[in-house]
Amino acid sequence: MKANILLVTLLAAFLSVSMLSAGNPNKVVYSNVSTTDSGTIKEYVVYDKEMGMAKKKFVYNYDNGGNLLSRLEYKWHSRKGWLNASKSEYEYMNGVIAY
């Protein structure tokens, strides 16, 4: 059950980011994965080649068990930098997302 939830969560994260550039060849998605003592952080930046600038950034935080803890979405502002667009946090009880 835990593996199924993790698989679905990872698949949804991958599809949400990959679909951003699938329909537009002028957009490229760059990724960065870093492992810390408390888990893994995956960052995806959507870059618009036509405009020559970043557009969005997604940050996924996972614990050491691979559970998604948070999903953050940022939008790029040319004067202010990355601005928070949305944030979702997840809690688990006995390996299952607690609603």
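The structure this text deals with has already been given above.
Residues numbered from 1 in each chain as written. Predicted model: local features only at pLDDT ≥ 70, side-chain atom pairs only at ≥ 80, totals over all residues. Heavy atoms only, no water.

J.: For this particular structure, what's the right way to read the overall build of the protein chain?
T.: Summing up its helical and strand segments, the protein chain has one helix and seven strands in all. For the protein chain, the succession of helices and strands along the chain, N to C, is α-β-β-β-β-β-β-β. Put simply, the protein chain has 99 residues, and 26% of those count as buried. Intrachain contacts of the protein chain at a sequence separation of at least 6 include 23% that bridge at least 24 residues. In the structure as shown, the protein chain presents an accessible area of about 6,700 Å², 54% of it carried by carbon and sulfur atoms. (Helix = DSSP H or I, 4+ residues; strand = E, 2+ residues; numbered from the N terminus. Buried < 20%, exposed > 50% of the residue type's maximum accessible area, 1.4 Å probe, protein only. Contact = heavy atoms within 4.5 Å. Areas by Shrake-Rupley, 256 points an atom, 1.4 Å probe, with all protein chains shown as cover.)

J.: How do you make sense of the pattern of salt bridges when you look at a structure like this?
T.: Charged atoms that come close allow side chains of opposite charge to pair. Scanning all chains against the criterion turns up four salt bridges. The salt bridge involving E73 is made with R71; its shortest N-O contact spans 3.8 Å. K87 serves as the salt-bridge partner of E89, at 3.0 Å between the closest nitrogen and oxygen. With a relative accessible area of 60%, E89 lands in the exposed category. Linked through salt bridges whose partners overlap, the residues forming this network are K56, R71 and E73. (Salt bridge = Lys/Arg side-chain N within 4 Å of Asp/Glu carboxyl O.)

J.: How should I be thinking about the nonpolar core in this particular structure?
T.: Soluble, globular proteins show a tendency: their nonpolar side chains are buried together. Counting residues in each nonpolar core, the largest one holds six residues, listed as Y44, V46, F58, Y60, Y62 and L68. By residue number, the principal contributor to this core is strand β3 (residues 53-63), which donates three residues. (Core = buried A, V, L, I, M, F, W, Y, C linked by side-chain atoms within 4.5 Å.)

J.: Is there a simple way to explain the packing of aromatic side chains in this structure?
T.: Ring pairs (aromatic) are described by centroid distance and by the angle formed between their planes. This structure, assessed with the given rule, holds three aromatic pairs. Judged by centre distance (6.2 Å) and plane angle (70°), the ring pair of Y30 and Y47 falls under edge-to-face. Of this pair, Y30 sits in strand β1 (residues 27-36) while Y47 sits in strand β2 (residues 39-48); the two residues are 17 residues apart in sequence, bridging distant segments of the chain. Judged by relative accessible area, which is 49%, Y30 ranks as partly exposed. Owing to a relative accessible area of 27%, Y47 belongs among the partly exposed residues under this scheme. On the basis of an interplanar angle of 75° and a centroid distance of 5.9 Å, the ring pair of Y44 and Y60 is categorised as edge-to-face. With Y44 in strand β2 and Y60 in strand β3, this residue pair connects regions lying 16 residues apart in the sequence. Looking at Y44, the relative accessible area reads 18%, which means it is buried. (Phe/Tyr/Trp six-rings, centres within 6.5 Å; stacked < 30°, edge-to-face > 60°.)

J.: Help me understand unusual backbone geometry in this model?
T.: A positive phi angle, close to 55°, is found at N94, a residue other than glycine. Along the chain, the position of N94 falls in the loop between β6 (92-93) and β7 (96-97). Owing to a relative accessible area of 77%, N94 belongs among the exposed residues under this scheme.

Treat this as a map of the structure, not an account of what it does.
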